[in-house]
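Coordinate inspection notes
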Amino acid sequence: MPGPPVSPPPSGPGPGPRPRPLLVLEDIVKDYASEAGSFRALAGVSLTVNPGEFLAIMGPSGSGKSTLMNIIGALDTPSAGRFLIDGEDTSAMSEPALAHLRNRAIGFVFQQFNLLPRLTARDNVALPLVYAGVPARERRARAEALLARVGLGDRGGSRPSQLSGGQQQRVAIARALAVGPRLLLADEPTGALDSRTGAEILALFKALNRENGVTVILVTHDPGVAAATDRVVRIQDGRIVDDGPPARVLATPGPAASPEVVAS
Amino acid sequence: MNAPLPLAPPVARAPAPGVAPLLGPMLAEAVAALAANRLRSGLTMLGMIIGVAAVILMLAIGNGVQGQVQRSIAALGSNLLIVNSGAARTGGGFSQGAGSRPTLTLDDAEAIARLPDVIAAAPSSGFTAQVVAGPTNWLTQVTTSTPAWFTVQNWYPEDGRAFSAMEERQAARVAVIGQTVARQLFGASDPLGELLRVRGVTFTVIGVLPERGQGIGGVDRDDVVVLPLTASLRLVQGGGAFRRFVRTISVAVATPEAMPAVEQAITELLRRRHGLGPREENDFSITNLTAVGQTFQETTGAISLLLGAIGGISLVVGGIGIMNIMLVSVTERTREIGIRMALGAPRAAIRLQFLLEALMLSLVGCALGVLLGTGLSLLASQLLPFPTIISPASVVAAFAISAAIGIFFGWYPATRAARLSPIEALRS
Ligand SMILES: Nc1ncnc2c1ncn2[C@@H]1O[C@H](COP(=O)(O)OP(=O)(O)OP(=O)(O)O)[C@@H](O)[C@H]1O
Ligand SMILES: [Mg+2]
């Protein structure tokens, strides 16, 4: 897969010439076919994300946040519109190229952790490195380093069932970072955690963004989480209805801010 | 939060590595996956184990039978025609026309010996007798014949010598004995020059035949005493001594190709000599031992083939079992497949993973089957009158066939796994 080499991006968008965008979404539409005809989950989403951004996506349940994240994560393909990552159009990519993209460029963190129960924490973290063709000794060394980075240096040999939810999510984050992707995607990463553990995970994302220059996009229902980011995108009915710094977006509850969501 | 440790550097944005470097880790995963489901894996492998064991056992028995038949034929002397007194009996065989009166004469044998392509013709009779040497005695098979017998049998004394044509004509009281008789009558001491009595007549042992082992049906062919025919006719067999009749004439033919012609020539010769009219039936029968051996070999070959086919069917059933369990496994592990795809596994890697699992099942099953089959073959060697033979080729073939079965029946489940869409697999 041709493309510019991944160099450590500048930490955060600084002054000067605008960097080349990491992600460009142009008029993304996603339709789901069902018995009752097709359902439009995304109705023309356009979004540009620059390297080093820390971005939160908010919106009521069913508004299309996960659908959007799956497209950004190259797990799903849009029905219409263009999605470019690092200047490359994903719709032109072959299946192995998309797998390669998921492997090298993107780290995905799920609400339900999605660790493989049979593997140890270390082997879970090392799994993407297997598909990257990294030799066994280096896989192990990197997995240990990453587990130490997320504060689980001593739990490499534990299986997911032996870890708490917060610890499992840290393993999942370490796994998402294993290959050294520039982009970290997290769909409600704190959704299955208590608020204290959630805050720790959020701090970890923030540190990764600030200290390592990883671009982070996370989906959250929690305004407190969104407030810790640099940019908040609000989605409703498959459309972006607001996009800006958290202080402003969170202060202007759009027509979307259903009480049910705020309450949760 | 801990001290800000640096992240591991990104893996260089190299082209996709392809599946070759995945072989090692995926093999390890296949082993782990099967080990995690030990009972299920074992039950799945049962079909392969039984199939492979059956094939190995059948081939070992088939090889053993063939080896035995070949040895028997070689030991009988190749290109052998057996002429028996009495009409051909349905069911054929080696029966010496028991109950019927001998119709063959020594002169018949001499006439046959003069036919083209005949190397030797040995007239012989046989009877069972108690043979006595000093205080010991032994019930054995006594064969009476001419020196041609040793040629026809391709069996010459290793100690001492065979009796000569002169000795035979003069009814010399000499005997050649087999290893079993030597052991039973004389133990460890040298039998040469010792005396033995057959039906009250004393003979001097002048030769001991080398060991020949078991014949078809487990007969001990070393349990034999060979006496000159004339002496036996006069002294031992008593009645009909001067009619010089024998039950059997064994004929050694020069080449296998000449055997049908010689058989025909013998038939014509004997009919003429016995004065049989065109309407009369033969008063003798001719058996082609090579043909009998071949028929026997073909029959056992067919039986092994049949049993091999049964083994083959259980292999296919085993393969279907593998396919079934792999389909179950793919369904159960759909989410795992989705996770792996999300982490960057291309479809080829997913296919490889499940193919290797199927292959492991079939190959481990095969290895266990080879062990079981070998054990059963060794057991069969104890129970059968001949040793079974496990050829390395059959083991190699078993592994090759099992690998083919693993790939063939693993392909569809593996492809099903690889075809899943990452997002749908994740949502399952
Ligand atoms: N595979 C699918 N087939 C049909 N409809 C789907 C499918 N996936 C999602 N949808 C629909 O698309 C819409 C958007 O779903 P999505 O999961 O993106 O919402 P969300 O914003 O992530 O919601 P939540 O906050 O509850 O996670 C929903 O109405 C959902 O029912
Ligand atoms: Mg969602």
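Please refer to the structure placed before this passage.
The present account deals with the structure reproduced in this document. (Residues numbered from 1 in each chain as written. Chains lettered and ligands numbered in written order. Predicted model: local features only at pLDDT ≥ 70, side-chain atom pairs only at ≥ 80, totals over all residues. Heavy atoms only, no water.)

Moving on to the overall build of chain A. When helices and strands are counted, chain A shows nine helices and ten strands. Taking as baseline every contact in chain A between residues at least 6 positions apart, the subset at least 24 positions apart corresponds to 71%. Carbon and sulfur atoms make up 53% of the accessible area of chain A, which totals about 10,500 Å². (Helix = DSSP H or I, 4+ residues; strand = E, 2+ residues; numbered from the N terminus. Contact = heavy atoms within 4.5 Å. Areas by Shrake-Rupley, 256 points an atom, 1.4 Å probe, with all protein chains shown as cover.)

Here the focus is the site of ligand 1. Not every one of the 14 residues close to ligand 1 is listed here, only the nearest: Ser-61, Gly-62, Lys-65, Ser-66 and Thr-67 of chain A. Residues near ligand 1 are shared among chains A and B, making this a multi-chain site. A distance of 3.4 Å separates an oxygen atom of ligand 1 from a polar atom in the side chain of Glu-188 of chain A. Its free accessible area being 640 Å², ligand 1 has 67% of it covered by the protein chains. Counting residues per element, the ones that place at least two in the shell around ligand 1 are β2 (37-49) and α1 (65-72) of chain A. Top contributing element to the shell around ligand 1 by residue count: α1 of chain A, with three residues. Looking at the shell around ligand 1, its residues break down into four nonpolar, seven polar and three charged. (Near = heavy atom within 4 Å. Polar contact = N/O pair within 3.5 Å; in protein donor to acceptor, adjacent residues only side chain to side chain. Nonpolar A, V, L, I, M, F, W, Y, C, P; charged D, E, K, R; others polar.)

Now for unusual backbone geometry. All names here are of chain A. Its identity is not glycine, yet Asp-86 carries a phi of approximately 55 degrees, on the positive side. Secondary-structure assignment places Asp-86 in the loop between β4 (80-85) and β5 (88-89). Under the relative-accessibility criterion, Asp-86 is labelled buried at 10%. Phi at Glu-188 takes a positive value of approximately 50 degrees, unusual for a residue other than glycine. Considering the arrangement of structural elements, one finds Glu-188 in the loop between β7 (183-187) and α6 (195-212). (Buried < 20%, exposed > 50% of the residue type's maximum accessible area, 1.4 Å probe, protein only.)

Take the sheet that holds β5 of chain A next. Residue and element names in this part refer to chain A. A sheet is described by the order of its strands in space; here four strands give the open sequence β2-β1-β4-β5, paired in antiparallel fashion. Bordering the open sheet on either side are β2 and β5, each of which pairs with just one other strand. Note: strand β1 (residues 23-34) against β2, ten bridges, orientation antiparallel. Bridging from a neighbouring strand, Leu-23 pairs with Val-49 of β2. (Pairing = 2+ DSSP bridges.)

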